[in-house]
Amino acid sequence: MLSFHHASLLVSDVHLCEERPAQVDAFMGLLNGPARQAESLFILGDLFEYWVGDDDCSSSLAQRVIAALKALADSACKIYFISGNRDFLIGQTFADAAGFKLLDDPCKVEIQGVPTVLMHGDLLCTEDTAYLAFREQVRNPLWQQQFLAQDLAVRHHIAQGATAESGKAKQAKSEEIMDVTETAVAEVFKQFGVNRLIHGHTHRPGHHQHSVNGVMRDRWVLPDWYGPGGYLRVTPSIIEEIRF
Ligand code: LP5
Ligand code: MN
């Protein structure tokens, strides 16, 4: 199991795109600033607004992000990545260029002696059955092979269409459907035998507590960067939520 002893930074849902230059600059600031003092940086999915394949690395945004991640990886900070529902097509080619290691979702690590499960968070939203059906389809290797065989322009068109359709679908869903379920959260705590879970995706940042089998457990949700953004800093003594 991966084990960390100094400061770890965790971030997710940065949703990088050309249309939000302030967030791109803020993310660069994180990589070139606070992350330089950290032992590890965990990116828990949805780094990009959407990602259509690692053969799409030539845009100026992708080049900038890859160069900044690689520079950080070449310093003392190790970088780990769990993909999200928007950038699950990030693969080994991108990981090698950016100098990070891909982790499974969920993944158990030890941060300052505390066993901790890291996830993107979408798998915890078990009442969102329409999304889970969509997820199953797009995580299928055969579907991905067929998608990746299409021209980049076609893939961008499909991704933008899916974003629009998803936006409409979300308007018809209740807030509860798009949040985690107690059952799914309890299952993760029990399955991995941990008292701490950190994830993003739900747009409900903060510290949530759950009593599972009579034991209080901590669930930390990372903020999205549709607004100013932020990250979590875990040190041997505290967990700090840093909002820009
Ligand atoms: O990301 P967020 O929080 O806004 O919404 C998610 C769920 N939506 C998605 C879809 C993505 O946001 C957008 C697509 C990303 C592109 C990836 C790369 C290319 C793949 C192309 C795939 C065709 O993940 C949303 C959840 C929400 O989280 C909260 O948990 O509710 O789920 C949905 O809205 C899914 C819908 O319920 C059902 C599926 C609609 C999409 C249909 C695609 C049709 C393709 C159109 C082609 C022109
Ligand atoms: Mn997400």
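Presented here is a report on the structure given in the accompanying data block.

Reading the values: the criteria
- Residues numbered from 1 in each chain as written.
- Chains lettered and ligands numbered in written order.
- Predicted model: local features only at pLDDT ≥ 70, side-chain atom pairs only at ≥ 80, totals over all residues.
- Heavy atoms only, no water.
- Pairing = 2+ DSSP bridges.
- Helix = DSSP H or I, 4+ residues; strand = E, 2+ residues; numbered from the N terminus.
- Salt bridge = Lys/Arg side-chain N within 4 Å of Asp/Glu carboxyl O.
- Buried < 20%, exposed > 50% of the residue type's maximum accessible area, 1.4 Å probe, protein only.
- Axes fitted to C-alpha atoms, helices over the stretch in contact; angles between N-to-C directions.
- Contact = heavy atoms within 4.5 Å.
- Near = heavy atom within 4 Å.
- Polar contact = N/O pair within 3.5 Å; in protein donor to acceptor, adjacent residues only side chain to side chain.
- Areas by Shrake-Rupley, 256 points an atom, 1.4 Å probe, with all protein chains shown as cover.
- Nonpolar A, V, L, I, M, F, W, Y, C, P; charged D, E, K, R; others polar.

With respect to the pairing of strand S9 (residues 206-212)
Of the strand pairs in this sheet, S9 and strand S10 (residues 215-221) are connected by seven bridges, and their pairing is antiparallel. Within S10, the position partnered with Gln209 by the bridge is Asp218. Between S9 and the antiparallel strand that follows it, S10, lie two residues; Asn213 among them carries a positive phi value of about 50°.

Focus: the pattern of salt bridges
Under the definition given, this model contains 12 salt bridges. Linking Arg20 and Glu49 is a salt bridge whose minimum nitrogen-to-oxygen distance equals 2.8 Å. With Arg20 in the loop between strand S2 (8-11) and helix H1 (21-32) and Glu49 in the loop between strand S3 (40-43) and helix H2 (60-74), this residue pair connects regions lying 29 residues apart in the sequence. Residue classification places Glu49 among the buried positions, given a relative accessible area of 16%. One salt bridge connects Glu49 with Arg86, and the closest N-O pair in it is separated by 3.2 Å. With a gap of 37 residues between them, Glu49 in the loop between S3 and H2 and Arg86 in the loop between strand S4 (78-81) and helix H3 (92-98) connect regions that are remote in the sequence. The residues Glu49 and Arg86 share a single accessibility class, namely buried. What you see here is one network of salt bridges that share partners, running through Arg20, Glu49 and Arg86.

Quick look at the sheet that holds S3
Strands sit in the order S5-S4-S3-S2-S11-S12 across an open sheet of six strands; the sheet is mixed. Bordering the open sheet on either side are strand S5 (100-102) and strand S12 (239-243), each of which pairs with just one other strand. For this sheet the average axis-to-axis angle between neighbouring strands, irrespective of direction, equals 20°. Along the sheet, H1 makes contact with S2, S3 and strand S11 (230-234), crossing S2 at roughly 165°. Where H2 meets the sheet, its contacts fall on S3, S4 and S5, and the angle it forms with S4 comes to roughly 130°.

Observations concerning the side chain of Thr202
Position of Thr202 relative to the elements: it lies in the loop between strand S8 (196-199) and S9. Contact partners of Thr202, with chain neighbours within four places excluded, come to Cys125, Met178, Asp179, Val180 and Val221.

Here we look at unusual backbone geometry
Trans peptide bonds make up most of the peptide bonds, and negative phi angles are found at most residues other than glycine. In this structure, the amide linkage connecting Asp105 to the following residue, Pro106, adopts the cis form with an omega of 0°. Position of Pro106 among the secondary structure elements: in the loop between S5 and strand S6 (107-111). Positive phi is not limited to glycine here, since His15 has a value of about 50°. The residue His15 is located in the loop between S2 and H1 in this model. The backbone phi angle of Gln112 is positive, close to 50°, even though this residue is not glycine. Within the secondary structure layout, Gln112 lies in the loop between S6 and strand S7 (114-118). Judged by its relative accessible area of 17%, Gln112 is buried.

Considerations on the site of ligand 1
Near ligand 1, the surroundings consist of 23 residues, among which Asn85, Arg86, Asp128, Lys170 and Lys173 are the closest. Contact distances for ligand 1 include 2.6 Å between an oxygen atom and a side-chain N or O atom of Asp128. Here Lys170 contributes a side-chain N or O atom positioned 2.5 Å from an oxygen atom of ligand 1. Contact with the protein chains covers 85% of the free accessible surface of ligand 1, which is 1,000 Å². Elements with a minimum of two residues in the shell around ligand 1: helix H4 (129-138), helix H5 (141-148) and helix H6 (152-171). Top contributing element to the shell around ligand 1 by residue count: H6, with seven residues. When grouped by side-chain class, the residues that make up the shell around ligand 1 number 13 nonpolar, five polar and five charged.

By themselves these figures say nothing about function.
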